[in-house]
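Architecture and fold: a report
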Amino acid sequence: MKKPLSQTWDLESFFAGGSESAAFADFLKQLQADIVTFQSRVVEARPPQSTAEKTELAALTGLLQTIMKHIHEADSFVGCLMSDNQQDKKALLLSGQVKSLSAAYLSSLTQFDRLLTGIEDNVWEDLLEEESFQAIAFPLTERRMLAGEKLPPEQEALINDLSVDGYHGWSDLYNATVSQFRMTVEENGEQVSLSAGQAYNRLHTDNPVERKRLFALWEETWAEKADFCAEALNHLGGFRLQVYKHRGWKSIHKEPLDINRMSEKTLHTMWEVIDKNKAVFTEYLQRKAKIMGLEKLGWADVDAPLGKAAQKISFDDGAETIIEQFQAFSPKMASFAAKAFEERWIEAEDRAGKRPGGFCTSFPVAGETRIFMTYSGTADNVSTLAHELGHGYHQHVMNDMPALAQEYAMNVAETASTLAEMIVADAAVKGASSDEERIVLLEDKIQRAIAFFMNIHARFIFETNFYKEREQGLVSVERLNELMVDAQKQAFNDSLSSYHPHFWAAKLHFYATEVPFYNFPYTFGYLFSAGIYAKALEAGADFEDQYVALLRDTGSMTVETLARKHLDVDLTEPDFWQSAVDMAIADVKLFMSLTDDKVDG
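Residues numbered from 1 in each chain as written. Predicted model: local features only at pLDDT ≥ 70, side-chain atom pairs only at ≥ 80, totals over all residues. Heavy atoms only, no water.

1. Section: the overall build of the protein
Counting its regular elements, the protein contains 25 helices and five strands. Taken against the 2.2 N^0.38 rule, which gives 25 Å for 601 residues, the C-alpha radius of gyration of the protein at 24 Å falls within 12% of a compact globule. If one aligns the C-alpha atoms of the protein with their principal axes, the spans along those axes are about 80 × 55 × 50 Å. For the protein, the proportion of its 601 residues judged to be buried stands at 57%. Counted over contacts in the protein with a minimum sequence separation of 6, partners at least 24 positions apart contribute 77%. (Helix = DSSP H or I, 4+ residues; strand = E, 2+ residues; numbered from the N terminus. Rg over C-alpha atoms; globule rule 2.2 N^0.38 Å. Buried < 20%, exposed > 50% of the residue type's maximum accessible area, 1.4 Å probe, protein only. Contact = heavy atoms within 4.5 Å.)

2. Here we look at the environment of Ile291
Here Ile291 lies in helix H13 (residues 278–291). Setting aside residues up to four positions removed in sequence, Ile291 forms contacts with Leu306, Phe591, Thr595, Lys598 and Val599.

3. Looking at the packing of helix H7 (residues 153–165) against helix H10 (residues 208–247)
Between H7 and H10, the least distance of the axes is 12 Å, while the angle of their chain directions is 175°. Between H7 and H10, the angle is such that the two are roughly antiparallel. The residues of H10 that touch H7, namely those facing Glu156, Ile159, Leu162 and Ser163, are Phe239, Val243 and Arg247. A per-class count over the contact of H7 with H10 returns four nonpolar, one polar and two charged. (Axes fitted to C-alpha atoms, helices over the stretch in contact; angles between N-to-C directions. Parallel < 35°, antiparallel > 145°, perpendicular 65-115°, else oblique. Nonpolar A, V, L, I, M, F, W, Y, C, P; charged D, E, K, R; others polar.)

4. Quick notes on the packing of helix H8 (residues 167–179) against H10
Axis separation between H8 and H10 bottoms out at 8 Å; the angle between their running directions is 165°. The pairing of H8 with H10 is recorded here as roughly antiparallel in orientation. The crossing of H8 and H10 is left-handed. Touching Tyr167, Trp170, Ser171, Leu173, Tyr174, Thr177 and Val178 of H8 are Trp222, Lys225, Phe228, Cys229, Glu231, Ala232, His235, Leu236, Phe239 and Arg240, all from H10. In the contact of H8 with H10, the residues fall into eleven nonpolar, three polar and three charged. (Left-handed = near helix turned anticlockwise from the far one by under 90°.)

5. A closer look at the state of the cysteines
Each disulfide consists of one covalent bond between the sulfur atoms belonging to two cysteines. With the rule as written, the count across this model stands at zero disulfides. Here Cys80 stays unpaired: no disulfide links it, and the sulfur of Cys360, its closest cysteine neighbor, is 9.2 Å away. (Disulfide = S-S within 2.5 Å.)

6. A closer look at the side chain of Gln325
Within the fold, Gln325 resides in helix H15 (residues 315–329). On the accessibility criterion, Gln325 (13% relative accessible area) is buried. With sequence-adjacent residues up to four places away left out, Gln325 is seen in contact with Ile423, Val424, Ala427 and Ala428.

7. Topic: the pairing of strand S5 (residues 368–372)
Burial analysis of S5 places five of its five residues in the buried class, which makes it a mostly covered element. Here strand S3 (residues 346–347) runs beside S5; their pairing, made up of two bridges, is parallel. Across the sheet, the residue bridging to Glu347 is Phe372, located in S5. Pairing geometry for strand S4 (residues 359–363) and S5, over five bridges, is antiparallel. Bridge pairing links Phe363 to Glu368 in S5. (Pairing = 2+ DSSP bridges.)

8. Here's the deal with helix H22 (residues 520–539)
The terminal C-alpha atoms of H22, which comprises 20 residues, lie 29 Å apart, in line with the 28 Å expected from a rise of 1.5 Å per residue. With 15 of 20 residues buried, H22 is to be regarded as a mostly interior element. Positioned one or two residues after H22, Gly540 has a phi angle of 70°, which is positive. (Expected span 1.5 Å × (residues − 1).)

9. Quick word on the pairing of S4
Most of S4 is tucked away, with four of its five residues classed as buried. Here S4 folds back onto S5, and the loop between the two strands holds four residues, one of which, Gly367, carries a positive phi near 70°.

10. Examining the packing of aromatic side chains
Evaluated as defined, the whole model comprises 42 aromatic pairs. Cluster of aromatic residues (ring-pair linked, three or more members): Trp271, Trp299, Phe460, Phe462, Phe466, Tyr467, Phe492, Phe503, Phe510, Phe517 and Phe520. Here the basic side chain of Arg247 rests over the ring of Trp249, its NZ or CZ set 4.7 Å away from the ring centre. The positively charged end of Lys254 is found above the aromatic ring belonging to Trp249, 5.1 Å away from the centroid. (Phe/Tyr/Trp six-rings, centres within 6.5 Å; stacked < 30°, edge-to-face > 60°. Lys NZ or Arg CZ within 6 Å of the ring centre and 35° of its normal.)

11. Let's talk about empty space enclosed by the protein
Scanning the entire structure with this criterion turns up one cavity of 30 Å³ or more. The computed volume of the largest cavity comes to approximately 30 Å³. For the largest cavity, the full set of lining residues is Asn260, Arg261, Ala409, Asn411, Val412, Thr554, Met557, Thr558, Val559 and Leu562. Put simply, the parts of the chain that give the lining of the largest cavity at least two residues each are helix H18 (410–430) and helix H24 (559–567). Counted by class, the lining of the largest cavity contains five nonpolar, four polar and one charged residues. (1 Å grid on protein atoms, 1.4 Å probe; cavity = no way out; pocket = protein on both sides within 12 Å on 5 of 7 lines; lining within 4 Å. Points joined across faces, edges and corners; volume = space filled by probe spheres on them.)

12. Describing the nonpolar core
Soluble, globular proteins show a tendency: their nonpolar side chains are buried together. In terms of nonpolar packing, the biggest core is built from 196 residues, with Phe112, Phe326, Leu389, Phe453 and Trp504 touching the most fellow members. In terms of residue count, helix H19 (residues 435–470) provides more of this core than any other element does, 15 residues in total. Non-local contacts of Phe112, meaning those with residues more than four positions away in its chain, are made with Phe38, Val42, Leu57, Leu60, Thr61, Leu64, Leu140 and Arg143. (Core = buried A, V, L, I, M, F, W, Y, C linked by side-chain atoms within 4.5 Å.)

13. A closer look at helix H23 (residues 543–553)
Three or four residues apart is the spacing at which side chains of an α-helix point the same way, because the helix has 3.6 residues per turn. Inspection of H23 places Phe543, Glu544, Tyr547, Val548, Leu550, Leu551 and Asp553 among the buried residues, and these make up the whole buried set. Where H23 is buried, its residues meet H15, helix H16 (331–342), helix H17 (379–396), H18, H22 and H24.

14. A word on the environment of His391
Its location among the elements puts His391 in helix H17. Taking the C-alpha atoms as reference points, His391 and Thr369, 22 residues apart in sequence, are found 9.0 Å from one another. Beyond its immediate chain neighbours, meaning those up to four positions away, His391 contacts Cys360, Tyr408, Ala413, Glu414 and Ser417.

15. As for unusual backbone geometry
Cis peptide bonds are those with omega within 30 degrees of zero, and the linkage from Lys3 to Pro4 qualifies with 0°. With respect to the secondary-structure elements, Pro4 resides in the segment before helix H1 (22–44). Unlike most non-glycine residues, Arg261 shows phi in positive territory, near 50°. Its place among the elements puts Arg261 in the loop between helix H11 (254–259) and helix H12 (264–276). Arg261 sits in the buried class, given a relative accessible area of 10%. Positive phi values are uncommon outside glycine, yet Asp494 reaches one of about 45°. With respect to the helices and strands, the residue Asp494 is situated in the loop between helix H20 (477–491) and helix H21 (503–506). With a relative accessible area of 42%, Asp494 lands in the partly exposed category.

Set out below in structure tokens:
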């Protein structure tokens, strides 16, 4: 690769001119015209009575997929603009326009669902055998089934229309609140104002006094925003609960489980196995505290680096490490990553004005992806970069598939990304030149298990309990803080000396309207990827194509079927989950043995 690598992405290749792009304005006009055409045709369409009457349904399905890709392209472009510069007011307006178009499209889908549910079962089975429907048989059947559990088309269309300024509007309020976040710190004798993303990166310093001071300031700054965040969270939750009530849905977990194509039994089995094994990870936290000279870790200490982990890793070196370690697992994956770096698909510059966090988003019309993060040279940043490249590779291997077959759920999306992280971390640990280096790298690797088994679990517990209380009315800031701390204590076996009461305000995942319960899929992805990685180590070079086959199936079956087909395991039973957790436990045991001489007694 030609160095130095750019740390700013190229969005001009999609629509030149950013939020002022005339080409993007034309793109939205065409998208609107396609939606209007779809709306008029789908209302007039009638359910086919035989395969001989498939022509209109096939045409509508084709137009539907074209619109899907174009909405995704538009949403990705605007989302990138807003993340890149939170002060881009024009991008915010464009986001509202895209959401309105998306709502109009979603409303028209209620009529498409009417078509699907109106087809007799025997005719439906015959239709799926037709060439035009074979590759999308699963998502169409899934849509037909879920449509039968919703309200009549007119009422579902009304919900979609109202959600633009209601449901999604509250998410927009939260994003606007975050864009105003500023944490003032002293650096080199000067007062520096940090955005949320910059401030979060500063929390991972190896200086314990500075870490404690920064975390207190982080909490204090979010407390100032808490009233706005609570308004958004309460009304987002209230909107969801009202929709669920009118649909007759009793469980708050029904929609996220349906979206993730996952059974409730699988979810409960996963958490039960994790809970059963938490003592091992509590011991790890206690050992880390002793190494750091603390009686107990505070919330801010859990992610703190040990020793040399605090050393800066240049962006170029991080990229080189990722490509080198991807290469050993999958040359195709390494080639994709190199392309992403070389062609400026990644926005990583550490500057003010960017939103916090990281993401990978696809541009299905262009057949490309873009990655967003703030890179400040930490080992965690390298992991995030590998994680997002894993997402990108997942999309890359599906680019030639029909749009409906590319709609994979968050839990399997997190499988690909977490596997990419695991490849980089495992190779680094195995390649360590000394026990000291191995301890640092191993600790960084174990941190991911702590995040997925404890931090993510706290989010799941909090959100579940929040919805229970929200059913009774608005939940105050004080009560939200209590619910958050209670969830953190439960998830961490009450092993910490301090917690993060305003985590519910600081974590944007609670405010995402696309995916409710933006938490447990991460843990699923981590453990599922561990199972895939174990199989890859057994299979060696032969596994590369098997992995691609698994990824290409992620939009066409439930996770239970996917696991049976490609891993020969049953996700509703504890055996698979235990074997995956055991891989993390092995890391903890190695860490404990390597650090025995670093603590007294």
